[in-house]
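What follows is the residue order along each chain.
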Amino acid sequence: MDQSPPAHLHGAQNKPLSQAEIRTIIVGVLLAMFLAALDQTIIATALPTIGRELGDLEHLSWIVTVYLLTSTAVTPLYGKLSDSYGRRTIMLVGIVIFIIGSIACALAPSMFFLILARGVQGIGGGGLIAMGQTIIADIVSPRERGRYQAYFASVFMSSSLLGPVLGGFFAEKMHWSVIFWINLPLGFVAFLLAHRTLKKLPRHERPHRLDLLGAVLIVAATVVLLLALSWGGIRYPWGSLPILGLVAGSLVLWGLFALRMRLAPEPLIPSGVLHNPVVRMGVLAACFGMGTYIGLTIYLPVYFETVRGLSASLSGLALIPLMAGTVVGATLSGQTMARVKHYKRLPTAGLMVAIIAMGVLFLYGERLSITAIEVMLGIISIGLGTLLPVTMVTTQNAVAPHQMGTATGTANFFRSLGGAFIVAIFGAIVLSGSGITGAASFEAMGEAAAQSGVNLADVFSYVFLAAMVGFGLALAFLLALKELPLRGGAVKAAEASVAD
């Protein structure tokens, strides 16, 4: 296949963008990313109200689960499609699907329809974050790109802090459907900004054939695996036939996907992307680093409520150091990447410090005051934040521009899978250690532990130990990551990486 870009991609569209144009594009991209990130957090505090009004508490968790399933599964597809048809087109498609899903959610007359609508919403939202990161990579050189990773961290932090507050307020003071209606004006503004400003993007797409069979296999393998991880230890025991059957089915599907990658003329994820050692190490480092972070954000509120006796609202406030520190760490790391040659040194030190702070929680957590725990969480968060720009920028820097979307989508895909996997591990530790099996809820944890004589502080110490292992694996993969030079232009950096 001819690898030269089509003639219409040369010329005006590759004209350098002004700083004003870059800022406008970034605002539109961040708004689209905020839409997707907010919808993952705003729903949590509204769930009890939704369950009561729709008269279905049994299937309430599916409102969250189905969004996770669809948004994770379609991430690689968005990357591949954007490499074929352009970032602007695919970003606009994602925003439109997300808005349609939001309208369907707001109008849902029953739990069944709400779950289906959340699935549609996830299909749209799954591509917005990956597309945002890819678009930034298109307009900012690798050496300067790390500075913008702090904006991404700010999006996730603000959505994590605002989402639960807004969700609870809308559900209590107005109506739960407002949490979906609010996406319409935000989505409309994001669509207009994307429609106008993304016309100026440099274009690197090339004609590709979409591997439909590969797409079906990776989506099916992901959905089956996430079902096993989300149901295991909660709906069914880990050793039960349904969970073992799902795990076995997922392994078969992943095997078929690997076979398809070897045999397809143009696989969904090109072998050159996954076989690239820089991409592989960067993806694995982010997978374990961010996966462990996601697991902590899920289970630390449980720790604060069941072990420390904090209320639900106070446990949310206690998470602020863990959320805010990532922005600080990402900002420091991003600024450093633009100025130094050995950009791995700061995140290496940051992860080491995070591991030490995690060790303090493991060894002395029961004896530490809440203030001391908050300090440890802030240190952990800053240390982890230094990893985020390095893993994403080095991954993008190591591939050719026309594979940028695929590489970014793949990185986000495996990061989400890592989060689901580590959340499941943390859940297995907590549930088995507290004596709860089957479909029990976290609200029953304290009572069950008291009846069985289990000290929940000891149980959570093993969660902290598992987090240490997760950060340790992230550090190991980071150390194995080769430092390619971050050039002043994406094309030159990619050419250097390919030639290496």
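Worth saying up front: this structure is predicted, and the values here are computed from it rather than measured. (Residues numbered from 1 in each chain as written. Predicted model: local features only at pLDDT ≥ 70, side-chain atom pairs only at ≥ 80, totals over all residues. Heavy atoms only, no water.)

A. Highlighting the overall build of the protein chain. The secondary structure content of the protein chain amounts to 22 helices and zero strands. The buried share of the protein chain, taken over its 500 residues, is 55%. Residue pairs at least 24 apart in sequence account for 84% of intrachain contacts in the protein chain once pairs closer than 6 positions are excluded. As displayed, the protein chain offers around 20400 Å² of accessible surface, 69% of which is attributable to carbon and sulfur atoms. (Helix = DSSP H or I, 4+ residues; strand = E, 2+ residues; numbered from the N terminus. Buried < 20%, exposed > 50% of the residue type's maximum accessible area, 1.4 Å probe, protein only. Contact = heavy atoms within 4.5 Å. Areas by Shrake-Rupley, 256 points an atom, 1.4 Å probe, with all protein chains shown as cover.)

B. Here's a closer look at the confidence of the model for the protein chain. The pLDDT averaged across the protein chain works out to 77; a share of 81% of its residues lies at or above 70. The model gives residues 1-13 a pLDDT under 50, and that stretch makes 17 contacts with residues more than four places away or in other chains. Here residues 489-500 is modelled with pLDDT under 50, and outside its nearest four sequence neighbours on either side it reaches 24 contacts, counting other chains as well. (pLDDT = per-residue confidence, 0-100.)

C. Fine view of a nonpolar patch on the surface. On the surface, Leu161, Leu314, Leu317 and Ile320 cluster together into a nonpolar patch covering about 320 Å² of accessible area. Judged by its relative accessible area of 30%, leucine 161 is partly exposed. (Patch = residues over 30% accessible without salt bridge, like charges linked within 9 Å, V, L, I, M, F, W, Y side chains within 5 Å. Salt bridge = Lys/Arg side-chain N within 4 Å of Asp/Glu carboxyl O.)

D. Local environment of empty space enclosed by the protein. In the structure shown here, the tally under the stated rule is two cavities of 30 Å³ or more. The set of elements that each furnish at least two residues to the lining of the largest cavity consists of helix H13 (277-306), helix H18 (387-397) and helix H19 (404-433). In terms of residue class, the lining of the largest cavity is built from five nonpolar, four polar and one charged. Estimates place the volume of the second largest cavity at around 40 Å³. Every residue lining the second largest cavity is listed: Ile25, Gly28, Val29, Ala32, Met91, Ile95, Ala190, Ala194, Thr197 and Leu198. If you list the elements that add at least two residues to the lining of the second largest cavity, you get helix H1 (19-41), helix H5 (87-107) and helix H9 (183-197). (1 Å grid on protein atoms, 1.4 Å probe; cavity = no way out; pocket = protein on both sides within 12 Å on 5 of 7 lines; lining within 4 Å. Points joined across faces, edges and corners; volume = space filled by probe spheres on them. Nonpolar A, V, L, I, M, F, W, Y, C, P; charged D, E, K, R; others polar.)

E. Structural view of the side chain of glutamate 374. Examined against the element boundaries, glutamate 374 turns out to sit in helix H17 (residues 370-385). The side chain of glutamate 374 is buried and forms no salt bridge, while arginine 308, the nearest opposite charge, is found at 9.0 Å. If near-sequence neighbours (up to four positions away) are discounted, glutamate 374 is found in contact with Phe304, Leu317, Ala318 and Pro321. (Lys, Arg positive; Asp, Glu negative; His and termini not counted.)

F. Geometry of the environment of aspartate 211. Here aspartate 211 shows up in the loop between H9 and helix H10 (212-231). With 50 residues separating them in the primary sequence, aspartate 211 and methionine 261 have C-alpha atoms 9.4 Å apart. Those residues in contact with aspartate 211 that sit more than four places away from it in its chain are Arg260, Ala264, Glu266, Pro267 and Leu268.

G. Representation of the packing of H10 against helix H11 (residues 241-263). Axis separation between H10 and H11 bottoms out at 8 Å; the angle between their running directions is 155 degrees. In this view, H10 runs roughly antiparallel relative to H11, as classed from their interaxial angle. The two elements H10 and H11 cross, and the hand of that crossing is left-handed. Residues Leu213, Gly214, Leu217, Ile218, Ala220, Ala221, Thr222, Val224, Leu225, Leu227, Ala228 and Trp231 of H10 form the contact with H11, whose participating residues are Ile243, Leu246, Val247, Gly249, Ser250, Leu253, Trp254, Leu256, Phe257 and Arg260. When the residues that make up the contact of H10 with H11 are grouped by side-chain class, the tally is 17 nonpolar, four polar and one charged. (Axes fitted to C-alpha atoms, helices over the stretch in contact; angles between N-to-C directions. Parallel < 35°, antiparallel > 145°, perpendicular 65-115°, else oblique. Left-handed = near helix turned anticlockwise from the far one by under 90°.)

H. Region of the structure containing the packing of aromatic side chains. Evaluation of the coordinates by the stated rule reveals eight aromatic pairs. A centroid spacing of 6.2 Å and a plane angle of 85 degrees characterise the contact between tryptophan 176 and phenylalanine 180, whose relative ring orientation is edge-to-face. Each member of the pair, tryptophan 176 together with phenylalanine 180, is buried. When the centroid spacing of 6.1 Å and the interplanar angle of 80 degrees are considered together, the rings of tryptophan 254 and phenylalanine 257 count as edge-to-face. Of the two residues, tryptophan 254 and phenylalanine 257 are both situated in helix H11; the distance of three residues between them amounts to about one turn of the helix. The residues tryptophan 254 and phenylalanine 257 share a single accessibility class, namely buried. (Phe/Tyr/Trp six-rings, centres within 6.5 Å; stacked < 30°, edge-to-face > 60°.)

I. Representation of H13. Taking 1.5 Å of rise per residue, 30 residues should cover 44 Å, and H13 covers 43 Å from first to last C-alpha, within 8% of that figure. Buried residues dominate H13, accounting for 22 of its 30 residues. Two or three places before valine 278, at the start of H13, stands the capping residue asparagine 276, its side-chain oxygen 2.9 Å from that residue's backbone nitrogen. (Expected span 1.5 Å × (residues − 1). Polar contact = N/O pair within 3.5 Å; in protein donor to acceptor, adjacent residues only side chain to side chain.)

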